[in-house]
Amino acid sequence: MNKLLVNILLVCFIAVFVITGNAQTIVIQTQSTSLALRVNNNKQLQQLYFGNRFSDTSAYAAFNMARTPAFPTAGINYNNEPAMQVQHVDGNISLQLNYVDHSIEKPNDDITITHINLKDPVYPLYVTLHFAAYNKENIIEEWTSIRHEEKAPVILMRYASSFLSLNDNNFYLTHFYGDWASEMQLEETKLPGGIFNIQSKLGTRATNSELPSFMISPGKPAEENEGDVFAGSLAWSGNFNLQFENIQYGRSGGSLKIIPGINAYASNYLLKPKETFNTPHFIFTYTSKGKGQASRNLHAWALKYGVWNGYQTRQTLLNNWEATYFNFTQDTLVNLFDGAKKIGVDLFLLDDGWFGNKHPRHADTAGLGDWQANKTILPDGIGYLVKNAEAKGINFGIWIEPEMVNPKSDLYEQHPDWILKLPNRPEDLSRNQLVLDLTNPKVQDFVYGVLHNLLTENPRIAYIKWDCNRPMTNAYSQYLGANQQALYVDYANGLYNVLQRVRKEFPKLEMMLCSGGGGRAEYGALKYFNEFWASDNTDPVERIFMQWGYSYFFPAATICAHVTNWGKQSLKYKIDVAMQGKLGFDIRVNDLSNKEITFCKTAVDNYKRLQNVINYGSLYRLIAPYNNSAASLMFVDSSKQKAVVFAYNMYTKMGDQLQNIQMNGLDATKQYEVKEINLEDDKRPAFRQSGKIFSGEFLMNEGLGWYLRGSLQSSILELTEVN
């Protein structure tokens, strides 16, 4: 890896344009990372270097990277996987992009955006590569703009967001796959020679099987705190394709081409003259300090730039779903408000089943699309519930699934042309529902109207859970007519159009992104949401693994974690697991003993007191649950005055040798009181030295001996700087 490893000089960001001989070099860099591009004598843009930053920017001109194209195109002289392929009006499927010029803008002291303009020398087709460099966060964000001035539409056949190359002989890929209730299954594999794809063709719920996020380690697998790591995440809520082409040259080494973007499957896009097509944004980082640093870079960027109001304090909540399912009345719900108040949460969330009159929502077979309160079960409407919740000192939130429709609904009967379904095939229902056609502006107006009407009629609603419970199948848009190839792309952009309108009108509203679990865990939608639902599986042992996996790419503030009836573990264990994310409850409070209610209240108070550390602090993964019977991680605030450590035993065995909890991120010169919290009042601390003072140096170098005994035991330690 000596081709990529260089010394890091932490200085302010500078966008660099260097001319050496006849070659022009454009350097895009952050505090510790650089991407160097060159314009050669033939006006072709090439990638010279990508890796740790050089202090001397002129050094980049010495790199070559085997004359790697920066954004290769199909049809002329590039024989590998291209970033872009088009068909011109005359049928020609070749494309060449020559450098024209570039410009730099600086929105603030942290961000510098470089725009590189390219053009085909024969056709009036223009491409701009955009690079936003986030200096402090060590993140680069790239996207592509395409437009043309030909006489009729040009067909975009492939249109990647980015094209990046890494040089080495071996590459190790870390990614996550799964399905409903089994999200975030870790796989780390050595990439074979040739082409490897991570992709989705689901239309909606696009991340149900694979995330559009990954890590690549050149040379050898990276560890948590050491090793070279390239981490990337595509911000797109539709079909995606992460393509990796591993080209080996024998003794001279190899090169990995990373090509993220919209999946070209069934998506030849007709671009009209003088219109601009913008690809999704690809967010990436590079570090030689291991996977943990790559995660912290992504978290810092996400909280500041990638998530709606990233630093907005999240509300703890009680959801009614597992307490009532569809079987509730107005009085039932009002009585549940007392439970929310008893355990000390901020908000009561009403889930599915509150709407529909001609087709009442008594099960998942009817009502979707008819977003009016059911007059039988809620005779006084949603406003009555909001008013009564506030009278008991809590806020009120509500569930919606506005992109979907049941065949048994007024909406389906009145607007059959608004439904995605093939006109000459049988309907293909999933969860008894179909998808609305968000390519249609009228449908976009309707979906926006669902939110607008609900929130203007009930302005005190403080929380929205936005669900999306099925993928697209047998999909056909009457609105698009013969242009069905635009469906998957225009649907996602139609969704974003709706969300932009919602956020413009309701900027302070807290919203959870849900998609039958983790079906939309990506930054395209999180741009409009505060958090996401990680999985419908809330068994706490399973959640240790899932939340660990999500932590590679998403900060804790975005990962909703609820205490539920799933699993046979103790209430303490369930709460201790849920507290490492965005805490909520979905339990029958009336079934809890007074002692358990008191414990819940104490834990919620602890969470609120430490929420800024857990949700917005720096994450350090200490002991991974994989191939282990224990797990531990911690969060440290920016001043290094406060930290929170989570420790879990899973299913231990006799003879297990568990390592010390060797902490990270503390100040070695400071002294910390280590105190166990979330104690059940009739038990001693599992950490018998609770209240003792340790130096940061000791905690990070020696650490605490593993102190939990037996299966399914948990502990939370609060570290506080003392003088």
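This report concerns the structure included in the present document. Computed from a predicted model, the values in this text were never measured in an experiment.

Conventions we followed
- Residues numbered from 1 in each chain as written.
- Predicted model: local features only at pLDDT ≥ 70, side-chain atom pairs only at ≥ 80, totals over all residues.
- Heavy atoms only, no water.
- Helix = DSSP H or I, 4+ residues; strand = E, 2+ residues; numbered from the N terminus.
- Rg over C-alpha atoms; globule rule 2.2 N^0.38 Å.
- Buried < 20%, exposed > 50% of the residue type's maximum accessible area, 1.4 Å probe, protein only.
- Contact = heavy atoms within 4.5 Å.
- Areas by Shrake-Rupley, 256 points an atom, 1.4 Å probe, with all protein chains shown as cover.
- Lys, Arg positive; Asp, Glu negative; His and termini not counted.
- Charge placed at Lys NZ, Arg CZ, Asp CG, Glu CD.
- Pairing = 2+ DSSP bridges.
- Axes fitted to C-alpha atoms, helices over the stretch in contact; angles between N-to-C directions.
- Core = buried A, V, L, I, M, F, W, Y, C linked by side-chain atoms within 4.5 Å.
- Salt bridge = Lys/Arg side-chain N within 4 Å of Asp/Glu carboxyl O.

1. What about the overall build of the chain?
1) Next: Secondary structure assignment for the chain yields 12 helices and 37 strands.
2) Next: The globule rule puts the C-alpha radius of gyration for 723 residues at 27 Å, and the 27 Å found for the chain is close to it.
3) Next: The burial tally for the chain puts 60% of its 723 residues in the buried class.
4) Next: Sequence separation of 24 or more characterises 68% of the internal contacts of the chain that already satisfy a separation of 6 or more.
5) Next: Working note: accessible area of the chain is about 27,300 Å², and carbon and sulfur atoms make up 47% of it.
6) Next: Across the chain, the mean location of the 66 positive side-chain charges is 2 Å away from that of the 71 negative side-chain charges.

2. Re the sheet that holds strand S31 (residues 582-586)
1) Next: Strand order in the closed barrel formed by eight strands is S22-S23-S24-S27-S28-S29-S30-S31, and the pairing between neighbours is parallel. Averaged over all pairs of adjacent strands, the angle between strand axes in this sheet comes to 30°, irrespective of strand direction.
2) Next: Pairing of strand S29 (residues 531-533) with strand S30 (residues 559-564), which is carried by two bridges, proceeds in the parallel orientation. When the sheet's bridge partners are listed, Phe 532 is paired in S30 with Ile 559.
3) Next: On the sheet, helix H6 (residues 441-457) packs against strand S24 (395-400) and strand S27 (461-466) and is oriented at approximately 155° with respect to S27.

3. Digging into the nonpolar core
1) Next: Of all hydrophobic cores here, the largest spans 190 residues; its most connected members are Phe 230, Trp 354, Phe 396, Ile 464 and Phe 585.
2) Next: Looking at this core element by element, the count peaks at 10 residues for helix H7 (residues 487-505).
3) Next: In contact with Phe 230, other than residues within four places in its own chain, are Phe 50, Leu 164, Leu 166, Phe 214, Met 215, Ile 216, Ile 258, Phe 282, Phe 284, Thr 285 and Tyr 286.
4) Next: Judged by nonpolar contacts, the second largest core, of 24 residues, contains Val 636, Leu 666, Leu 704 and Leu 708.

4. Digging into unusual backbone geometry
Note on backbone geometry: most residues besides glycine have negative phi, and most peptide bonds are trans.
1) Next: The residue Lys 43 is not glycine, and still its phi comes out positive at about 65°.
2) Next: Along the chain, Lys 43 falls in the loop between strand S3 (33-39) and strand S4 (45-52).
3) Next: If you check the backbone angles, Lys 274 has positive phi at about 70° while not being a glycine.
4) Next: Note that Lys 274 resides in the loop between strand S19 (269-271) and strand S20 (276-278).

5. Details of the pattern of salt bridges
1) Next: Taken as a whole, this structure holds 23 salt bridges when the rule is applied.
2) Next: Close ionic contact of Lys 304 with Glu 137 constitutes a salt bridge, the shortest N to O distance being 3.9 Å. Of the two residues, Lys 304 is situated in helix H1 (residues 290-306) and Glu 137 in the loop between strand S8 (125-134) and strand S9 (139-148); the sequence distance between them amounts to 167 residues.
3) Next: With a relative accessible area of 42%, Lys 304 lands in the partly exposed category.
4) Next: As a salt-bridge pair, Glu 149 and Arg 147 come within 3.3 Å of each other at their nearest N and O atoms.
5) Next: Relative accessible area serves as the criterion here: at 32%, Arg 147 is assigned to the partly exposed category.
6) Next: Counted as one network, the salt bridges with shared partners bring together Arg 314, Glu 510, Glu 531 and Lys 582.

6. Concerning helix H10 (residues 571-578)
Note that an α-helix has 3.6 residues per turn; residues three or four places apart therefore point the same way.
1) Next: Counting buried positions over the eight residues of H10 gives eight, a clear majority of the element.
2) Next: Leu 571, Lys 572, Tyr 573, Lys 574, Ile 575, Asp 576, Val 577 and Ala 578 are the residues of H10 that are buried.

7. Here we look at the pairing of strand S10 (residues 154-159)
Sheet faces and side chains relate simply in a regular strand, where the side chains alternate between the two faces.
1) Next: Note that strand S5 (residues 84-87) and S10 share four bridges and pair antiparallel. Across the sheet, the residue bridging to Gln 85 is Arg 158, located in S10.
2) Next: Two strands pair when backbone bridges link them, and S10 and S19 are joined in this way by three bridges, in the antiparallel orientation. Directly across from Val 154, in S19, lies its bridge partner Leu 271.

This is a description of form; function is not addressed.
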